[in-house]
Amino acid sequence: MSADAVLQVRDLRFRWPQADADCLDIPALDLHRGDLVLLRGPSGSGKSSLLSLLAGVLLPRHGQVRLLGQDWQALPPSARDRLRADHVGYIFQQFNLLTYRSALDNVLLPCSFSRRRAERAKRPRERAAELLARMGLDEADWRRRADELSVGQQQRVAAARALIGAPELIVADEPTSALDEDHRDRFMALLLQACREAGSTLLFVSHDARLGRHFSRTLDLPSLNLARASAPRPERRRA
């Protein structure tokens, strides 16, 4: 594994329980430090399943997914949780904020689960406020409950939460799907700039081809995923 590799996939195959065939079959995928990557694919192409595998939430039937040299499958569940909390910031499509907590408290959550991210944030509360300000939220909104914020504000809180503590990998699962074009472009500019400054690798998932202009590299999941090929493939021998 190269020194600047953040994520490495080799011979990944995955199928859901009770399924007759694999839904994902990806021979190789590499993300390096500072990569800004758009992963495209239509609905039902396996984007969310792949993200869960990359983040160690799901484990492959065969093959390896390595984050910073660590094979998710080689770790017990508690170690996977620690690795994820320390090194992965996740922006969910539905944001997954704690609705009864303030915007500021939501941003601080990763520092509660990860001592490493709290240390990298240095002064977490000040850093959380700085990120919210950078994301365009007024100070009065920092103290509002998450469910009192607009969709666009919630999205920016979710991004700030993912970014705090400068995790090596930021995963964004279609977070702009509910936004109009102007708000989408403003959010993209803020997110990409924050990732560049932190040196974080960004894997941004969307079905929207127009977003490609924001990224240094675009990957097409149907092209990567051999399980989506029309012709049946022989079973590969396990290593």
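The text that follows walks through the structure, step by step, so that each part is easy to find. Being a predicted model, the structure only gives us computed values, none of them experimental. (Residues numbered from 1 in each chain as written. Predicted model: local features only at pLDDT ≥ 70, side-chain atom pairs only at ≥ 80, totals over all residues. Heavy atoms only, no water.)

## Focus: the sheet that holds strand E2 (residues 24-32)
Pairing between sheet strands relies on hydrogen bonds along the backbone, with the strands arranged either parallel or antiparallel.
At step 1: The 4 strands lie next to each other as E2-E1-E4-E5, forming an open sheet whose pairing is antiparallel. For this open sheet the edge positions go to E2 and strand E5 (70-71), each flanked by a neighbour on one side alone.
At step 2: Relative to E5, strand E4 (residues 62-67) runs antiparallel, the two being bridged by 2 bridges. Note on E5: the bridge partner recorded for Arg66 is Asp71. (Pairing = 2+ DSSP bridges. Helix = DSSP H or I, 4+ residues; strand = E, 2+ residues; numbered from the N terminus.)

## So, the layout of surface pockets
Gaps between atoms show up when a probe of the same size as a water molecule is rolled over them.
At step 1: There is about 400 Å³ of room inside the largest pocket.
At step 2: If you go around the largest pocket, you meet 14 residues; those closest to its centre are Val88, Tyr90, Phe92, Pro110 and Arg117.
At step 3: Breaking the lining of the largest pocket down by element, the ones donating at least two residues are helix H2 (77-87), strand E6 (88-91), helix H3 (103-113) and helix H7 (151-163).
At step 4: Residue composition of the lining of the largest pocket, grouped by class: 9 nonpolar, 1 polar and 4 charged. (1 Å grid on protein atoms, 1.4 Å probe; cavity = no way out; pocket = protein on both sides within 12 Å on 5 of 7 lines; lining within 4 Å. Points joined across faces, edges and corners; volume = space filled by probe spheres on them. Nonpolar A, V, L, I, M, F, W, Y, C, P; charged D, E, K, R; others polar.)

## Digging into the sheet that holds E6
At step 1: Taken in spatial order, the 5 strands line up as E6-E7-E8-E3-E9 in an open sheet, and their pairing is parallel. Sheet topology places E6 and strand E9 (217-220) at the edges, where each strand pairs with a single neighbour. Averaged over neighbouring strand pairs, the angle between their axes works out to 20° when direction is ignored.
At step 2: Relative to strand E8 (residues 201-206), strand E7 (residues 169-173) runs parallel, the two being bridged by 5 bridges. Among the inter-strand pairings, Asp173 is bridged to a residue of E8, identified as Val205.
At step 3: The strands touched by helix H1 (residues 47-54) within the sheet are strand E3 (36-40), E6, E7 and E8, with E8 carrying the most contacts at an inclination of about 155°.
At step 4: On top of the sheet, H7 reaches E6 and E7; it is set at about 170° to E6, its chief contact. (Axes fitted to C-alpha atoms, helices over the stretch in contact; angles between N-to-C directions. Contact = heavy atoms within 4.5 Å.)

## Concerning the side chain of Thr201
At step 1: Looking at where Thr201 falls in the secondary structure, it is placed in strand E8.
At step 2: Polar side-chain contacts of Thr201 include one of 2.7 Å to the backbone oxygen of His32.
At step 3: When sequence neighbours within four positions are dropped, the list of residues in contact with Thr201 reads Val6, Leu31, His32, Arg33, Gly34, Asp35, Glu168, Leu169 and Ile170. (Polar contact = N/O pair within 3.5 Å; in protein donor to acceptor, adjacent residues only side chain to side chain.)

## Some points on the state of the cysteines
At step 1: The tally for this structure, following the rule as stated, stands at 0 disulfides.
At step 2: The thiol of Cys195 is unpaired, and the distance to the nearest cysteine sulfur, on Cys111, comes to 16 Å.
At step 3: For Cys195, a relative accessible area of 0% gives the class buried. (Disulfide = S-S within 2.5 Å. Buried < 20%, exposed > 50% of the residue type's maximum accessible area, 1.4 Å probe, protein only.)

## With respect to helix H5 (residues 124-134)
In an α-helix, one turn spans 3.6 residues, which is why side chains three or four residues apart end up on the same side.
At step 1: Turning to H5, its buried residues number three or more, namely Ala128, Ala129, Leu131 and Leu132. Along H5, the residues classed as buried sweep out an arc of 160° about the axis, all on the same side.
At step 2: The positive-phi residue at the C-terminal boundary of H5 is Gly136, with phi of around 90°. (Arc of directions from axis to C-beta.)

## Observations concerning empty space enclosed by the protein
At step 1: Taken as a whole, this structure holds 1 cavity of 30 Å³ or more when the rule is applied.
At step 2: Computed from the structure, the largest cavity encloses a volume of approximately 40 Å³.
At step 3: Lining the largest cavity, in full, are Leu131, Arg134, Met135, Leu190 and Ala194.
At step 4: Its residues placed into classes, the lining of the largest cavity shows 4 nonpolar, no polar and 1 charged.

## Description of the nonpolar core
At step 1: Formed by 41 residues in total, the largest nonpolar core has its most connected members in Leu202, Phe204 and Phe215.
At step 2: Looking at this core, the elements with two or more residues in it are E3, H3, helix H4 (115-121), H5, H7, E7, helix H8 (181-198) and E8.
At step 3: Beyond its immediate chain neighbours, meaning those up to four positions away, Phe215 contacts Leu36, Val37, Leu38, Met188, Leu192, Leu202 and Phe204.
At step 4: Judged by nonpolar contacts, the second largest core, of 33 residues, contains Leu12, Leu29, Leu50 and Leu219. (Core = buried A, V, L, I, M, F, W, Y, C linked by side-chain atoms within 4.5 Å.)

Any functional reading would require information that these geometric values do not contain.
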